[in-house]
Amino acid sequence: TYLPSIGLAIAASWGWEALTGSRLRRVSVALAAAALALLALLTAQQTRVWRDSVTLFAHALRVTTGNHIAHINLAQALAARGDRTEAIEHYRRAVAIREDSAVALGGLAQLLLAEGDAAASERHLLRALEVAPCDHRLHITLAAAREAMGRLDEARASLAAALACAQFAA
């Protein structure tokens, strides 16, 4: 947004110069310099917030309430860097805020499965599939959870459902 604003800034500054005398011009320059310094400081603070996804979404959670999307995004960023325990907590918070979030339920289920809790993973996946019955990724994860519990026939059925959903989506 900075580039399109350059022309407006030039027009405003030339217009201001035409309207003010030399005394007001000095005051205007001092005020503009102070405004630029303040904006530079605020920009530096904001770029620290945007350092990475974890920092960004942690900040979003500090300045909002009931933000299940920020919890999901933070959980995904934490999981990507290998912090499963904290990611699971943020998925749980997202589910607490929005019980019908298939994304939060599915993400939580994947991490629980990776942590070895296939039964809890299956419970969350079944809830997610109530919301998104033809999400092939949920069916694939459900197949993996059922396979981990030794229920191979159910795992095959889940893979067949995933294939049907994937073909339906294509």
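The preceding data block contains the structure.
Here the structure is a predicted model, which means the values were calculated and not measured.

Colleague: Hey, could you go over the overall build of the protein for me, with residue numbers and the actual values?
Modeller: Within the protein, the regular secondary structure consists of nine helices and zero strands. N-terminal to C-terminal, the α/β element order of the protein is α-α-α-α-α-α-α-α-α. The C-alpha atoms of the protein give a radius of gyration of 26 Å, which is well past the 15 Å a tight globule of 170 residues would have. Dimensions of the protein, computed from the C-alpha atoms along their principal axes, are close to 85 × 35 × 25 Å. Pairs at least 24 residues apart make up 38% of the contacts formed inside the protein by residues separated by at least 6 positions. For the protein, the accessible surface area stands at approximately 11000 Å², while carbon and sulfur atoms represent 62% of it. Of the side chains in the protein, 17 bear a positive and 15 a negative charge, and the two mean positions are spaced by 13 Å.

Colleague: So what's going on with the layout of surface pockets? Which residues, and what values?
Modeller: Considering only enclosed or pocket space, the largest pocket measures out at about 190 Å³ in volume. Every residue along the wall of the largest pocket is listed here: Gln76, Tyr91, Ala102, Val103, Gly106, Gly107, Gln110, Asp135, Arg137, Leu138 and Thr141. The residue inventory of the lining of the largest pocket, partitioned by class, reads four nonpolar, five polar and two charged.

Colleague: Account for helix α5 (residues 84–97), naming residues and giving values.
Modeller: Between its first and last C-alpha atoms α5 spans 20 Å; for 14 residues at 1.5 Å apiece the expected length is 20 Å, and the two agree. For α5, the set of buried residues is Ala87, Ile88, His90, Tyr91, Ala94 and Val95. Seen end-on, α5 carries its buried residues on one side only, within an arc spanning 165°. Facing away from the buried side of α5, by more than 90 degrees, are the exposed residues Thr85 and Ala96. Packing partners of the buried residues in α5 comprise α3 (53–63), α4 (68–80), α6 (102–114) and α7 (118–131).

Colleague: A description of the packing of α7 against helix α8 (residues 136–148) should follow, citing residues and the corresponding values.
Modeller: Orientation of α7 relative to α8, taken along the N-to-C sense of each, is 155°, at an axis distance of 9 Å. Accordingly, the angle class assigned to the pair α7 and α8 is roughly antiparallel. Between α7 and α8 the crossing geometry is left-handed. Along its contact with α7, which presents Ala118, Ser121, Glu122, Leu125, Leu126, Ala128 and Leu129, the element α8 presents Leu138, His139, Thr141, Leu142, Ala145, Arg146 and Ala148.

Colleague: Hey, could you go over the state of the cysteines for me, with residue numbers and the actual values?
Modeller: Following the criterion strictly, the structure yields one disulfide and no others. One disulfide in the model links Cys134 with Cys165; its S-S distance is 2.4 Å. Residues Cys134 and Cys165 are joined by a disulfide whose S-S torsion is about -120°; by sign, that bridge is left-handed. In this pair, Cys134 sits in the loop between α7 and α8 while Cys165 sits in helix α9 (residues 152–169), placing the two residues 31 residues apart along the sequence. Classification of Cys165 by relative accessible area gives buried; the value is 6%.

Colleague: I'd like a description of a nonpolar patch on the surface, backed by residues and values.
Modeller: A surface patch of nonpolar side chains, amounting to about 500 Å² of accessible area, comprises Leu36, Leu38, Leu39, Leu41 and Leu42. Position of Leu39 relative to the elements: it lies in helix α2 (residues 22–49).

Colleague: Give me α3: which residues, what numbers.
Modeller: Inspection of α3 places Val54, Thr55, Phe57, Ala60 and Leu61 among the buried residues, and these make up the whole buried set. A side-chain oxygen of the first residue of α3 lies 3.3 Å from the backbone nitrogen of Val54; this N-cap is Asp52.

Colleague: Any details on the nonpolar core? Residues and values, ideally.
Modeller: Ranked by size, the top nonpolar core spans 31 residues in total, and within it Leu74, Tyr91, Ala104, Leu108, Leu125 and Leu138 carry the most contacts. For this core, the secondary-structure elements that each account for two or more residues are α3, α4, α5, α6, α7 and α8. When residues in this core are grouped by element, the largest group, seven residues, is from α6.

Cut-offs and rules
- Residues numbered from 1 in each chain as written.
- Predicted model: local features only at pLDDT ≥ 70, side-chain atom pairs only at ≥ 80, totals over all residues.
- Heavy atoms only, no water.
- Helix = DSSP H or I, 4+ residues; strand = E, 2+ residues; numbered from the N terminus.
- Rg over C-alpha atoms; globule rule 2.2 N^0.38 Å.
- Contact = heavy atoms within 4.5 Å.
- Areas by Shrake-Rupley, 256 points an atom, 1.4 Å probe, with all protein chains shown as cover.
- Lys, Arg positive; Asp, Glu negative; His and termini not counted.
- Charge placed at Lys NZ, Arg CZ, Asp CG, Glu CD.
- 1 Å grid on protein atoms, 1.4 Å probe; cavity = no way out; pocket = protein on both sides within 12 Å on 5 of 7 lines; lining within 4 Å.
- Points joined across faces, edges and corners; volume = space filled by probe spheres on them.
- Nonpolar A, V, L, I, M, F, W, Y, C, P; charged D, E, K, R; others polar.
- Expected span 1.5 Å × (residues − 1).
- Buried < 20%, exposed > 50% of the residue type's maximum accessible area, 1.4 Å probe, protein only.
- Arc of directions from axis to C-beta.
- Axes fitted to C-alpha atoms, helices over the stretch in contact; angles between N-to-C directions.
- Parallel < 35°, antiparallel > 145°, perpendicular 65-115°, else oblique.
- Left-handed = near helix turned anticlockwise from the far one by under 90°.
- Disulfide = S-S within 2.5 Å.
- Patch = residues over 30% accessible without salt bridge, like charges linked within 9 Å, V, L, I, M, F, W, Y side chains within 5 Å.
- Salt bridge = Lys/Arg side-chain N within 4 Å of Asp/Glu carboxyl O.
- Polar contact = N/O pair within 3.5 Å; in protein donor to acceptor, adjacent residues only side chain to side chain.
- Core = buried A, V, L, I, M, F, W, Y, C linked by side-chain atoms within 4.5 Å.

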